[in-house]
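# Overview (structure and organization)
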Amino acid sequence: MAALLRAGALPGPPAAVAAGLLALLSLASALGGERGGDSARFPWDAVRLPKHVVPLRYHLLIHPNLTTLTFAGTAAIEVTVTQQTSVVILHSKRLHITGAAIEAASGHPAQEVQVLEHQPFEQVALLAAQPLQAGHNYTLSIQYLANLSESFHGFYKSTYRTREGELRVLAATQFEPTAARMAFPCFDEPAFKARFSIKIRREPKHLALSNMPIVKSVNITPWLVEDHFDTTVKMSTYLVAFIVSDFKSISKTTGHGVKISVYTVPDKINQADYALDAAVKLLDFYEDYFSIPYPLPKQDLAAIPDFQSGAMENWGLTTYRESALLYDPEKSSASSKLRITMIIAHELAHQWFGNLVTMEWWNDLWLNEGFAKFMEFVSVSITHPELRVEDFFLSKCFDAMSVDALNSSHPISTPVEDPAQILEMFDEVSYEKGSCVLNMLRDYLTADVFKAGLVQYLQKYSYQNTKNADLWNSMTDICPTVGSDKNERQGDGFCRRSQQSSSNAHWTKGETLDVRAMMDTWTLQKGFPMVTVTVRGKNVHLQQERYVKGVDSPSSTGYLWHIPLTYITSKSDAVQRFLMTTKADVIILPEEVEWVKFNVDMNGYYIVHYEDDGWDHLINLLKENHTVISSNDRASLINNVFQLVRVKKLSISKAFDLTLYLKHEREIMPVLQGMTELIPIYRLMERRDTDGTEKQLKEYIVHLFRELIDKQSWSDEGSVSERLLRHSLLLFACVHRYQPCVDKAKAYFTEWQKSNGTLSLPADVKTAVYTVGAQTSEGWDFLLGKYRLPSFSVERENIELALAFSRSKDKLQWLMDQGLRGDIVRTQDLPFIIVYVAKNPSGYHLAWTFLKENWEKVVEKFELGSNSVATIVTGVTSRYSTRSQLAQVKEFFSSLEEKSARLHCVQQAIETIEDNIQWMDRNLEKVKTWLQSNYL
């Protein structure tokens with residue numbers, strides 16, 4: 001699944017459907033299906049399925065009715081039995097089973113079976129009169145009925161309006177992680193791989209898509225067609241997909257002969273070209289990079305009007321939210337092009353990492369997601385070099401660290417059991433931290449060795465399931481070659497390096513390169529290290545400890561990482577390497593230096609503190625000649641200095657001293673990092689009565705970037721990085737009411753309004769223009785009118801941001817209410833709208849009240865544990881910094897049932913507020929003093 005850059009869901013069940021669902025359920029209980037509480041008769045008491053009945057092949061027939069919003073299905077599952085049993089346990093959720101039988105393969109008559117259901121575990125049991133024998137194969141046949149899901153998972157309903165305003169219905173699937181069981185009874189765990197033969201019934205006006213191409217279509221009646229799809233390769237249930245719709249498509253064939261098609265609602269097919277070309281390039285790249293052919297004849301990319309996450313990697317039929325796939329060259333921004341390319345790269349990487357080789361269980365989800373996130377950067381930097389994706393990798397690691405520094409974080413690989421816990425794994429730790437530690441490993445092993453290890457892993461485990469250790473073992477069996485050094489493979493299969501040049505001798509002196517020992521320290525314990533550097537003449541003393549922010553942070557004893565340190569000095573920009581495996585160590589430099597900078601380009605997942613006058617030398621370097629070090633190095637210094645203030649290693653005045661150099665900064669990453677550190681401080685102060693300090697701080701931030709803001713052309717010219725920087729700077733300037741920006745945006749908005757929205761505004765300045773325009777009631781209403789038109793669909797997210805910046809509480813409330821209703825504002829966009837409103841000084845009380853009053857509905861739509869719910873909980877509370885706000889948040893969540901109160905995101909929110917309170921208590925006065933002496 002592509003991470004949630006933005007998130008979403010669907011309108012509530014119409015009364016008729018709700019009534020139908022109740023009728024089905026009461027019928028089921030009348031038939032003796034075991035419901036809820038009393039599970040005494042249910043023969044299995046674990047969340048995980050037993051392992052002695054193994055599926056080999058599913059034959060599915062699915063018949064959805066897009067008028068009654070129901071579907072009928074039959075599943076014939078060929079299984080093999082490894083020990084005698086009279087019971088078959090499999091998954092089923094909200095399916096009304098009308099009949100079931102078990103047939104021995106050798107032509108014996110089928111035996112009817114009794115069906116019991118245990119809802120808390122989403123399981124059914126088939127009870128056979130005669131036991132199933134070990135070593136024999138059987139076929140389970142199950143008939144069932146169900147409603148199309150009203151949420152975003154399972155086999156669910158989606159709708160769209162044509163240009164003429166006609167409402168059309170389609171049905172699509174989203175099974176990862178545990179919702180295949182909502183579409184057909186199955187062994188719904190990733191390690192139960194099987195082959196799937198799927199048939200779908202539909203009306204002649206619709207078309208059906210699935211993982212494989214259609215082999216034949218049969219007319220059952222004049223108004224009913226049955227499509228037969230080719231049998232899939234061996235794969236996990238969560239990757240099965242089917243769609244019944246009236247989509248249109250365009251196609252091309254890759255260099256390797258795979259047919260690629262993009263499917264969209266008919267009115268938007270003209271926005272599919274960019275995605276099609278990107279997919280062709282990327283699939284060709286991956287086939288070459290992995291040296292493993294893509295095993296299916298086709299790859300479809302479908303844009304679904306209602307979609308919760310960013311995208312989903314179903315094998316051969318990847319699905320996307322529309323904004324993650326559709327690109328309009330006239331109207332779409334540079335950030336939209338970058339995002340679409342990255343998401344397609346992510347889903348296509350999964351065709352190997354995840355689909356071909358799959359984690360054994362969800363505790364190692366990062367083997368799917370960390371890799372796909374990492375491969376986005378590897379692939380796009382080669383297929384689309386003009387996008388300069390390497391500029392943006394850094395911010396992923398900072399995002400991960402901000403969550404990973406909390407005590408509520410979890411190791412990359414962590415035990416999970418039930419569906420809500422599994423959903424919680426789809427977070428910054430699995431995706432972003434996973435990709436950052438892989439990037440660190442690649443930097444350490446060299447790109448060639450890393451790639452050879454990956455290829456070995458994929459080839460060895462194709463069509464199988466893996467654990468963490470399998471990957472490290474594949475990496476360890478490869479001998480790195482660094483420069484001209486000789487390596488010898490030892491008898492134990494490890495690599496040893498022969499003597500090397502003294503510059504990086506310390507970690508290579510004949511030492512074993514034990515990848516697993518090193519990477520276990522990054523994946524099996526939570527958090528990350530802070531390395532403290534003290535320079536004494538030529539000796540550099542190093543110490544590592546766990547970095548934890550928060551009030552009563554536990555001691556970091558017992559935490560130890562194998563850190564591949566890198567550094568440059570004032571005397572040498574050649575990167576030196578040193579593997580630190582102990583709590584403390586010493587490096588001896590060839591000569592004394594003025595400054596040393598560790599973690600070159602921030603390729604390592606750790607932060608660095610410089611003792612004594614170490615920071616002063618670096619701050620001075622930035623002041624005098626900041627381009628001596630790379631823009632990534634500058635961004636990492638900005639990030640690290642503010643993180644060190646949080647754990648009392650540095651004073652806030654030192655961090656502010658460093659920011660002074662930003663007046664001269666021109667590169668995107670350090671500028672955005674400066675904003676990322678300073679704006680939240682301003683936002684915290686803005687919520688408190690700080691006698692004008694927040695106004696001074698805002699003026700200081702604008703002052704730092706004023707020259708850069710004034711230099712921006714209000715156009716779409718320049719590289720993608722320059723365009724993204726322009727978008728961020730102008731939005732920042734207009735939102736923080738920098739007058740020249742506001743005046744220009746107002747003038748543009750007036751022109752645009754006069755033209756009744758036909759004037760073509762530059763894509764990268766639109767958000768700033770709309771945000772200023774939405775400040776008046778009349779401008780807001782005009783924008784909303786445009787938002788509702790199909791011709792503005794690619795701008796929906798920009799307009800939502802602008803509408804959520806209104807100062808009118810009524811308008812903000814209306815916007816959130818509409819997001820829940822889902823007809824004007826799609827429910828999939830509700831999480832962002834709530835967070836935008838929460839960031840608006842006029843709206844933060846409203847957002848919190850809305851969350852409390854609609855908690856049940858939000859959870860029903862988006863699922864407990866989902867990233868969407870986490871986005872809302874952390875987004876609404878992230879700027880709280882008073883004890884009374886903390887008490888309110890604690891009180892509300894502790895009043896909920898235990899499952900909600902225990903969510904990771906709730907713990908994160910509480911820790912963040914505690915940290916904010918502490919930060920304000922400690923630093924508010926100091927910021928005030930610093931501004932008075934350095935800026936006023």
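Remember, it's a predicted structure, so these values are computed and weren't measured experimentally.

Definitions and cut-offs
- Residues numbered from 1 in each chain as written.
- Predicted model: local features only at pLDDT ≥ 70, side-chain atom pairs only at ≥ 80, totals over all residues.
- Heavy atoms only, no water.
- Helix = DSSP H or I, 4+ residues; strand = E, 2+ residues; numbered from the N terminus.
- Contact = heavy atoms within 4.5 Å.
- Areas by Shrake-Rupley, 256 points an atom, 1.4 Å probe, with all protein chains shown as cover.
- Lys, Arg positive; Asp, Glu negative; His and termini not counted.
- Charge placed at Lys NZ, Arg CZ, Asp CG, Glu CD.
- Phe/Tyr/Trp six-rings, centres within 6.5 Å; stacked < 30°, edge-to-face > 60°.
- Buried < 20%, exposed > 50% of the residue type's maximum accessible area, 1.4 Å probe, protein only.
- Pairing = 2+ DSSP bridges.
- Axes fitted to C-alpha atoms, helices over the stretch in contact; angles between N-to-C directions.
- Expected span 1.5 Å × (residues − 1).
- Arc of directions from axis to C-beta.
- Parallel < 35°, antiparallel > 145°, perpendicular 65-115°, else oblique.
- Left-handed = near helix turned anticlockwise from the far one by under 90°.
- Nonpolar A, V, L, I, M, F, W, Y, C, P; charged D, E, K, R; others polar.
- pLDDT = per-residue confidence, 0-100.
- Salt bridge = Lys/Arg side-chain N within 4 Å of Asp/Glu carboxyl O.
- Disulfide = S-S within 2.5 Å.
- Polar contact = N/O pair within 3.5 Å; in protein donor to acceptor, adjacent residues only side chain to side chain.

Moving on, we come to the overall build of the protein chain. A tally of helices and strands in the protein chain yields 28 helices and 31 strands. When contacts within the protein chain are restricted to residue pairs at least 6 apart in sequence, long-range pairs at least 24 apart make up 71% of them. Counting only carbon and sulfur atoms, one obtains 50% of the accessible surface of the protein chain, whose full area is about 34,200 Å². For the protein chain, the centre of its 96 positive side-chain charges and the centre of its 109 negative side-chain charges are spaced 2 Å apart.

All right, on to the packing of aromatic side chains then. Tallying each qualifying case throughout the model produces 55 aromatic pairs. On the basis of an interplanar angle of 80° and a centroid distance of 5.5 Å, the ring pair of Phe374 and Phe450 is categorised as edge-to-face. Of this pair, Phe374 sits in helix 4 (residues 366–383) while Phe450 sits in helix 8 (residues 447–460); the two residues are 76 residues apart in sequence, bridging distant segments of the chain. Residue class for Phe374 comes out buried when judged on its relative accessible area of 1%.

The next subject is the sheet that holds strand 31 (residues 607–610). Spatially, the 4 strands line up as an open sheet ordered 29-26-25-31, and their pairing is mixed. Of all the strands in the sheet, the pair left with one neighbour each is strand 29 (584–588) and strand 31. Strand-to-strand twist of the sheet, defined as the mean angle between neighbouring strand axes without regard to direction, takes the value 25°.

Looking now at unusual backbone geometry. Among all residues save glycine, negative phi is the norm, and among peptide bonds the norm is trans. The amide bond that connects Glu176 to the next residue, Pro177, takes the cis arrangement and shows omega of 0°. Mapped onto the fold, Pro177 is located in the loop between strand 10 (167–174) and strand 11 (195–202). Phi at Arg94 takes a positive value of approximately 60°, unusual for a residue other than glycine. Owing to a relative accessible area of 57%, Arg94 belongs among the exposed residues under this scheme. Phi is positive for Arg388, close to 45°, though the residue is something other than glycine. Summarising the element assignment, Arg388 is placed in the loop between helix 4 and helix 5 (390–404). For Arg388, a relative accessible area of 40% corresponds to the partly exposed category.

With that out of the way, let us pick up helix 26 (residues 883–894). Compared with the 16 Å implied by 1.5 Å per residue over 12 residues, the 16 Å span of helix 26 between its first and last C-alpha is a close match. Within helix 26, the full set of buried residues consists of Gln885, Leu886, Val889, Phe892 and Phe893. Take helix 26 and look down its axis: the buried residues cluster within an arc of 135°, on one side only. Across helix 26 from its buried face, at more than 90 degrees, point the exposed residues Arg883, Glu891 and Ser894. In this structure, the buried residues of helix 26 make contact with helix 23 (844–853), helix 24 (855–862), helix 25 (867–877), helix 27 (898–901) and helix 28 (904–934).

Taken together, 8 strands build an open sheet; the order of strands is 5-4-8-2-1-11-14-13 and the sheet is mixed. In this open sheet, the two edge strands, each paired with only one partner strand, are strand 5 (111–112) and strand 13 (214–221). Pairing between strand 4 (residues 96–104) and strand 8 (residues 137–147): 8 bridges, direction antiparallel. Looking at the pairing, Ala104 lines up with Tyr138 of strand 8.

For the rest of this paragraph, the subject is the pairing of strand 13. Looking at chain direction, strand 13 and strand 14 (residues 224–229) are connected through 6 bridges and run antiparallel. For Asn219, the partnering residue across the bridge sits in strand 14 and is Val225. Count of turn residues in the strand 13/strand 14 antiparallel hairpin: 2 residues.

Glancing now at the packing of helix 13 (residues 652–659) against helix 28. For the pair helix 13 and helix 28, the least separation of the axes is 9 Å and the interaxial angle reads 50°. Considering the angle they form, helix 13 stands oblique to helix 28. Classified by chirality, the crossing of helix 28 by helix 13 is right-handed. Contact with helix 13, carried on its side by Ile652, Ser653, Phe656 and Asp657, involves Trp919, Asn923, Lys926, Val927 and Trp930 of helix 28 and no other residues of that element. Considering only residue class, the contact of helix 13 with helix 28 consists of 5 nonpolar, 2 polar and 2 charged.

Interpretation of this model should avoid reading the predicted coordinates in detail wherever pLDDT is low. Confidence in the prediction of the protein chain, expressed as mean pLDDT, is 90, and 91% of residues score 70 or more. Predicted confidence for residues 4–40 stays below pLDDT 50, and this span has 87 contacts to residues more than four positions away or in other chains. Under a pLDDT of 50 for its full length, residues 480–510 has, in the predicted model, 65 contacts with residues more than four places off or in other chains.

Applying the stated criterion across every chain, the model contains 42 salt bridges. A salt bridge links Lys571 to Glu591, with the nearest nitrogen and oxygen atoms 3.7 Å apart. Linking Lys571 in the loop between strand 27 (563–569) and strand 28 (572–580) with Glu591 in the loop between strand 29 and strand 30 (596–598), this pair joins segments that are 20 residues apart in sequence. Assessed through its relative accessible area of 38%, Glu591 is described here as partly exposed. The shortest N-O distance in the salt bridge between Glu795 and Lys766 comes to 3.3 Å.

A disulfide bridge is the covalent bond that connects two cysteines by way of their sulfur atoms. The full count for this structure, using the stated rule, is 2 disulfides. What pairs with Cys397 in a disulfide is Cys436, and their sulfur atoms sit 2.1 Å apart. Of note, the bridge from Cys397 to Cys436 carries an S-S torsion of about -105° and is left-handed in sense. With a gap of 39 residues between them, Cys397 in helix 5 and Cys436 in helix 7 (residues 429–445) connect regions that are remote in the sequence. By relative accessible area, Cys436 is classed as buried at 2%.

Moving on to the packing of helix 14 (residues 668–686) against helix 15 (residues 693–711). Relative to each other, helix 14 and helix 15 sit at 160°, their axes nearing to 9 Å. Judged by the angle between their axes, helix 14 and helix 15 are roughly antiparallel. Judged by the twist between their axes, the crossing of helix 14 over helix 15 is left-handed. Residue-level contacts link Val671, Gly674, Met675, Leu678, Ile679, Ile681, Tyr682, Met685 and Glu686 of helix 14 to Thr693, Glu694, Leu697, Lys698, Ile701, Leu704, Phe705 and Leu708 of helix 15.

With respect to the secondary-structure elements, Thr566 resides in strand 27. A distance of 2.9 Å separates the side chain of Thr566 from the backbone nitrogen of Val600, its partner in a polar contact. Apart from residues lying up to four places away in sequence, Thr566 is in contact with Asp443, Val575, Gln576, Arg577, Lys597, Phe598, Asn599, Val600 and Tyr606.

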